[in-house]
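Chain residues, written in single-letter form:
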Amino acid sequence: MTETEQIAAAINQIEEKKQNLKKAFDDLQSHRSLLSPSFSLSWSDIDSHFSSLQSSLSTRFRLLQSEPPSPNNDSPRIETADDPEPPLVVTRPELRALCEKMDSIGLSKFLADHWDDDAMPNQELSAAFRYSPDPASMVLNAIDGGSSKGKSVDVRRVFVLLMEALIEINDDVKIGVDTKDKAKKVANDWKTKIGNKPFEALLFLHLVAAFKLGSEFNSEELSRYVAMIAKYKQATLLCNKIGLDKERVGEIITKLLSIGKPILAVRFMYECGRTDGFEPVSVLKGYVKESREAAERVCKEDKYSLKSQNVATDKEVSALKAVIKIIKDRNLEAEFSEERVEERVEELERQKAQRKRNVEPPQLKPKGRKRPRDRSGNTQVHRQEAGGVMIEPSHHHGLHLNPFGVVNQARGGIVGPYTNPLAAGLYNSAAPPQAVYYGQQAGFVMPPFHPSYYSQ
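Let me sum up the structure you'll find in this document. (Residues numbered from 1 in each chain as written. Predicted model: local features only at pLDDT ≥ 70, side-chain atom pairs only at ≥ 80, totals over all residues. Heavy atoms only, no water.)

### Describing the pattern of salt bridges
The final tally for this structure, using the stated rule, is 24 salt bridges. A salt bridge links Lys325 to Asp329; the shortest N-O distance between them is 2.7 Å. Within this pair, Lys325 and its partner Asp329 are both found in helix α16 (residues 306-329), separated by four residues, close to a single helical turn. A relative accessible area of 52% places Lys325 in the exposed class. (Salt bridge = Lys/Arg side-chain N within 4 Å of Asp/Glu carboxyl O. Helix = DSSP H or I, 4+ residues; strand = E, 2+ residues; numbered from the N terminus. Buried < 20%, exposed > 50% of the residue type's maximum accessible area, 1.4 Å probe, protein only.)

And the structure:
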């Protein structure tokens, strides 16, 4: 039996195996009284799941069969990692049917209804579009006649998904004159709604890219909108698709640098082909230095409070991780040491964890356990031993303790855990001083300490 026949036989057995599973489920239901009250699974749920799998497997098998056989093998052609051709994309039968029928409204409704499912990849939707007689017209009708009424998802997001899928294949799609004219009218209408709203600009630029309208609008205006949407993952793709020249792309990068968005600027440099006019590595190094200085300013403005230290750490770590990702993605290890940046991240995270440990409250003693009292009714305080030196309790020594047993810096002259982080090495290379606890003060006589949670 060939591989093809084995696969076909296995698919044909799915129905029989599903019936056996139903018998087992019915047997389980007969013992429902022994099941947990939370067990609410029905056979229809199980049947629906396996029917969906069966449909997907059958569709993929048919696609495999439709591939031409390789010269030396009669079995269907299977893609390999070294194969330059893209892998097969399986589309859901109902999605393919909607595209074949040019059902624009049904298509947008299908996407909205399945929005909360596993995210539908653009490749699947693009593959389904290839079954449509006129995908550009189908998408435009869905956009022009779409409505968010009664839908749980913002219909504009469905529009973005439709246009992204069309962009994926628009090199192979012919857009008719009537469709293009109609798309231009929709684009002009959408442009009036942009103002200072980045998402409206994102919608507009998707429409311009999907229907190849870049030459119909002012390039300066388009570059301004691209700068507005720079934070979106689609920004560089749209920048390339709408046909902006190198000078306009350079203006976008310069704008991003001027408003303090160097990571976004570096992304445009690499993904829009402008590394020749800028120095991305220098920008990244400057960003690392600036993130450290910004962290110090955050602490200083709030007088080095614990909150400000944590906020500063989080911001610097986030900035450094963004730099590390670019170094790895662009193979910049030879120009910029990734290890040094990672070491800094580890140092900051270690310091934050130490601060958290230092502020954790001491464990409460169990209720009902009291300190022993002498005959006069006073609590007995025992001698404590530290490092071989006996420490006697006293009521007259001048050292003061905080609730964590740490000698107060202001009164006792000992550095505690909440001092200026610049002195403690949080944002420089000096090692942070350690807190000094009363058990370590050999030779000092300590005052009695009665936290409020001890029974008196």
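### A look at the packing of aromatic side chains
Applying the stated criterion across every chain, the model contains four aromatic pairs. Centre to centre, the rings of Phe159 and Trp190 are 6.5 Å apart; their planes meet at 15°, and the pair counts as stacked. Of the two residues, Phe159 is situated in helix α8 (residues 155-169) and Trp190 in helix α9 (residues 177-191); the sequence distance between them amounts to 31 residues. Residue classification places Trp190 among the buried positions, given a relative accessible area of 11%. (Phe/Tyr/Trp six-rings, centres within 6.5 Å; stacked < 30°, edge-to-face > 60°.)

### Looking at helix α17 (residues 338-359)
Helix length check: α17, at 22 residues, gives a terminal C-alpha distance of 32 Å against a target of 32 Å (1.5 Å per residue), a fit within 8%. Within α17 the residues assigned to the buried category are Glu338, Val341, Arg344, Val345, Leu348, Gln351 and Arg355. Seen from one end, α17 has its buried residues packed into an arc of 160°, which puts them on one side. Looking at α17, the residues exposed on the side facing more than 90 degrees away from the buried face are Glu339 and Arg350. Those residues of α17 that are buried are in contact with α15 (280-301) and α16. (Expected span 1.5 Å × (residues − 1). Arc of directions from axis to C-beta. Contact = heavy atoms within 4.5 Å.)

### Let's talk about the packing of helix α5 (residues 104-113) against helix α7 (residues 135-144)
At their nearest, the axes of α5 and α7 sit 8 Å apart, and the two run at 70° to each other. Relative to α7, α5 is oriented roughly perpendicular. Contacts between α5 and α7 involve Ser104, Leu107 and Ser108 from the first element and Met138, Asn141 and Ala142 from the second. For the contact of α5 with α7, a count of residues per class yields three nonpolar, three polar and no charged. (Axes fitted to C-alpha atoms, helices over the stretch in contact; angles between N-to-C directions. Parallel < 35°, antiparallel > 145°, perpendicular 65-115°, else oblique. Nonpolar A, V, L, I, M, F, W, Y, C, P; charged D, E, K, R; others polar.)

### Observations concerning the state of the cysteines
Under the defined criterion, the tally for this structure stands at zero disulfides. This cysteine, Cys272, is not joined by any disulfide, and Cys239 carries the nearest cysteine sulfur, 3.9 Å off. The class for Cys272 is buried, based on a relative accessible area of 12%. (Disulfide = S-S within 2.5 Å.)

Limitation: the analysis is restricted to geometry and does not speak to function.
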